[in-house]
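Remarks on the overall topology
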Amino acid sequence: MTLIRRLAPLGLLILGALFSACSNSATTLTTTEPAADADTLVIWWERGYYAQEDEAIEAVVNAWEQETGNSVEIKFLDQDTVLKETENALKSGRMPDIVHSLEAEHTLIPAWAWEGELADVSKVIDPLRDRFNPTAIQSVQYYNSTAQQRIPHAIPLKQQTIHIHYWRDLLAEAGLDEADIPTEWDAFWDFWKQAQDNLRDQGKSDVYGLGLAMSKEASDTYATFHQVLEAYDVELLDADGNLQVDDPDTREKIAAALDWYSRFYTDGYVPEVATEWTDSGNNGVFLNRELLMVVNPTLSIPGSQREDDEDIYFNQIATIEFPNEPDGESPTYLVNTNQILIFEEAPNKALAEDFLSYLIQPENLAPYLEGSLGRFFPVMAELTETPFWNDATDPHISTGTRVFTERSTRPGYHTLNVAYSEVDINNVWGQAIESIVLDGVSPTAAADQAIAEIQTIFEEWQQ
């Protein structure tokens, strides 16, 4: 049973909405276009959020062409197009040599690897394996059902995790000092509730204390809730990818996490529109100053202001780490590793391997990553040692660098078991949260519904 064949229409519909905060217009491509010459490397690359990202990749392509004498045809595509066209190419057999797509990492790549659609890229990774951080290497070790083993089926390129942003001036208006933001779990979240209460006492009824996604349309919802499950020490899968939701303690913890998360909405500390957000929803509401604090899976919110308004970027918006977990332990951050693919049926696999081996050399990769302006972080520790990643005057990138270099991280569950990709595609946790806040379902019943759906998904993958 395959995710792609069974859920392609639903999956692509959902994926079209995922990460919409970062979408840009781009070249439209159809697989009816003539294939490039046999000796031309064909790359489909998701267009970057910033022009500097694409310019950096073009510079690497040009340098590789000049050094090797090879030719490259690179097409920059918007995120929805690159996924749809890759699916079409798989059906038609007219494959590009290299594909880069952000949202495929935790949705479709595990299924492509499971089905044997992706090439083994060990030859590219192995020479630099010790220079990648362990989470990045774990993130690309996908299970191939034909080979019946885990194989490096993608190249780790960059990584992202969840961040918390707030408006300094709004916090001051609430009569609270940012130096007093607690690091203890309950006190931290109560702090933002108190800030909203203080603003309400001043007659400011249009500012909410917390920006937490509550919709089944937003990947932000399950990204944030996964971090909450991590804080509550919920282990949905064991290290071998076996489902653990039958455990009564796990069920109880899931219900408690759902109750905790949904209460911010039902108690009025999250705007009602949060149940309608796509992934751009919280970005816009926060930047409109209708949220005091927001949780977001990248640094795209402050990053959007870096070139437009330096005062907002450097002085008005702050980025902080997650608080300690309820048991007092430091947080473990869930990381998405954005990846590059070579398909098994790619016409020029050897050329693709050679180019990617060139691209991921630190001196070539560094300009591309810095071109993302901190939206994504390096997957090699040595690349975070430059002034760009350690500028103490930058309140956002310096915080992100600290998370990736000093805190515990781990990849998402989709890397352990391909079936969990379908859990994300269906936004099972977003559905559970919506059922509580919109339909009045109890957290315990919502947990049972989510567990039952996850069990069904895993059972179907075992058929």
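Residues numbered from 1 in each chain as written. Predicted model: local features only at pLDDT ≥ 70, side-chain atom pairs only at ≥ 80, totals over all residues. Heavy atoms only, no water.

**Focus on the overall build of the protein**
Counting its secondary structure elements, the protein contains 19 helices and 11 strands. Against the compact-globule benchmark of 23 Å for 463 residues, the protein has a radius of gyration of 22 Å, which places it among compact chains. When the backbone C-alpha atoms are referred to their principal axes, the protein occupies close to 70 × 50 × 40 Å. The proportion of buried residues among the 463 residues of the protein is 59%. In the protein, the share of contacts with a sequence separation of at least 24, taken over all contacts with a separation of at least 6, comes to 77%. A total of about 17600 Å² of accessible surface is found on the protein, and carbon and sulfur atoms cover 45% of it. Distance between charge centroids for the protein: 2 Å, based on 27 positive and 79 negative side chains. (Helix = DSSP H or I, 4+ residues; strand = E, 2+ residues; numbered from the N terminus. Rg over C-alpha atoms; globule rule 2.2 N^0.38 Å. Buried < 20%, exposed > 50% of the residue type's maximum accessible area, 1.4 Å probe, protein only. Contact = heavy atoms within 4.5 Å. Areas by Shrake-Rupley, 256 points an atom, 1.4 Å probe, with all protein chains shown as cover. Lys, Arg positive; Asp, Glu negative; His and termini not counted. Charge placed at Lys NZ, Arg CZ, Asp CG, Glu CD.)

**Structural notes on unusual backbone geometry**
Glycine aside, negative phi is the norm for most residues, and most peptide bonds take the trans geometry. Unusually for a residue other than glycine, Leu 373 sits at a positive phi of about 55 degrees. Along the polypeptide, Leu 373 turns up in the loop between α15 (362-371) and α16 (397-406).

**As for the sheet that holds strand β8 (residues 293-296)**
As summarised here, the arrangement of the three strands in space is β8-β7-β9, forming an open sheet in which the pairing is antiparallel. Because the sheet does not close on itself, it has two edges, and the strands there are β8 and β9 (317-320). Between one strand axis and the next, the sheet turns by 25 degrees as a mean value, whatever way the strands run. As paired elements, strand β7 (residues 163-167) and β9 share four bridges and run antiparallel to each other. Looking at β9, one finds that Trp 167 is bridged to Ile 317. Running over the sheet, helix α8 (residues 185-201) touches β7, β8 and β9 and is turned about 130 degrees from β8. (Pairing = 2+ DSSP bridges. Axes fitted to C-alpha atoms, helices over the stretch in contact; angles between N-to-C directions.)

**Points about the environment of Thr 275**
Here Thr 275 shows up in the loop between α10 (248-266) and α11 (281-287). Here Thr 275 falls in the buried class, since its relative accessible area comes to 8%. Along the sequence, Thr 275 and Asn 133 sit 142 residues apart, while their C-alpha atoms lie 36 Å from each other. In this structure Thr 275 touches Met 214, Ser 215, Glu 217, Tyr 265, Glu 434, Val 437 and Leu 438, once residues within four positions along its chain are discounted. At 3.1 Å, the side chain of Thr 275 and the backbone oxygen of Glu 272 are in polar contact. (Polar contact = N/O pair within 3.5 Å; in protein donor to acceptor, adjacent residues only side chain to side chain.)

**Some details on the pattern of salt bridges**
For the structure on display, the rule yields 19 salt bridges. Across the salt bridge formed by Glu 321 and Arg 402, the nearest N and O atoms sit 2.9 Å from each other. Taken together, the positions of Glu 321 in the loop between β9 and β10 (332-341) and Arg 402 in helix α16 put the pair 81 residues apart, joining distant regions of the chain. Taking the relative accessible area as the measure of exposure, Arg 402 reaches 31% and is therefore partly exposed. Taken together, the salt bridges that share partners define one network made up of Glu 321, Arg 402, Glu 406 and Arg 407. (Salt bridge = Lys/Arg side-chain N within 4 Å of Asp/Glu carboxyl O.)

**A closer look at the confidence of the model for the protein**
The share of residues in the protein with pLDDT of 70 or more is 92%, and the mean pLDDT across the chain is 90. Overall, residues 1-35 carries pLDDT values under 50, and its contacts beyond four positions in sequence, including any with other chains, amount to 98 contacts. (pLDDT = per-residue confidence, 0-100.)

**Focus on the packing of aromatic side chains**
Inspection of every chain in the model, using the stated rule, returns 27 aromatic pairs. Relative to Trp 461, the ring of Trp 114 lies with its centre 5.7 Å away and its plane at 85 degrees, an arrangement referred to as edge-to-face. Of this pair, Trp 114 sits in helix α4 (residues 109-114) while Trp 461 sits in helix α19 (residues 443-461), placing them 347 residues apart in sequence. Among the residues examined, Trp 114 registers a relative accessible area of 23% and is labelled partly exposed. (Phe/Tyr/Trp six-rings, centres within 6.5 Å; stacked < 30°, edge-to-face > 60°.)

**A few points about the packing of helix α2 (residues 51-68) against helix α14 (residues 349-359)**
Relative orientation and spacing of two packed helices are given, respectively, by the angle between their axes and the distance between those axes. Packing of α2 against α14 leaves a shortest axis separation of 10 Å and a crossing angle of 120 degrees. In terms of orientation, α2 and α14 fall into the oblique class. In this structure, the crossing between α2 and α14 has a hand that is right-handed. Contacts between α2 and α14 pair Ile 57, Val 60, Val 61, Ala 63, Trp 64, Glu 67 and Thr 68 from the former with Leu 351, Asp 354, Phe 355, Tyr 358 and Leu 359 from the latter. Looking at side-chain class alone, the contact of α2 with α14 contains nine nonpolar, one polar and two charged residues. (Parallel < 35°, antiparallel > 145°, perpendicular 65-115°, else oblique. Left-handed = near helix turned anticlockwise from the far one by under 90°. Nonpolar A, V, L, I, M, F, W, Y, C, P; charged D, E, K, R; others polar.)

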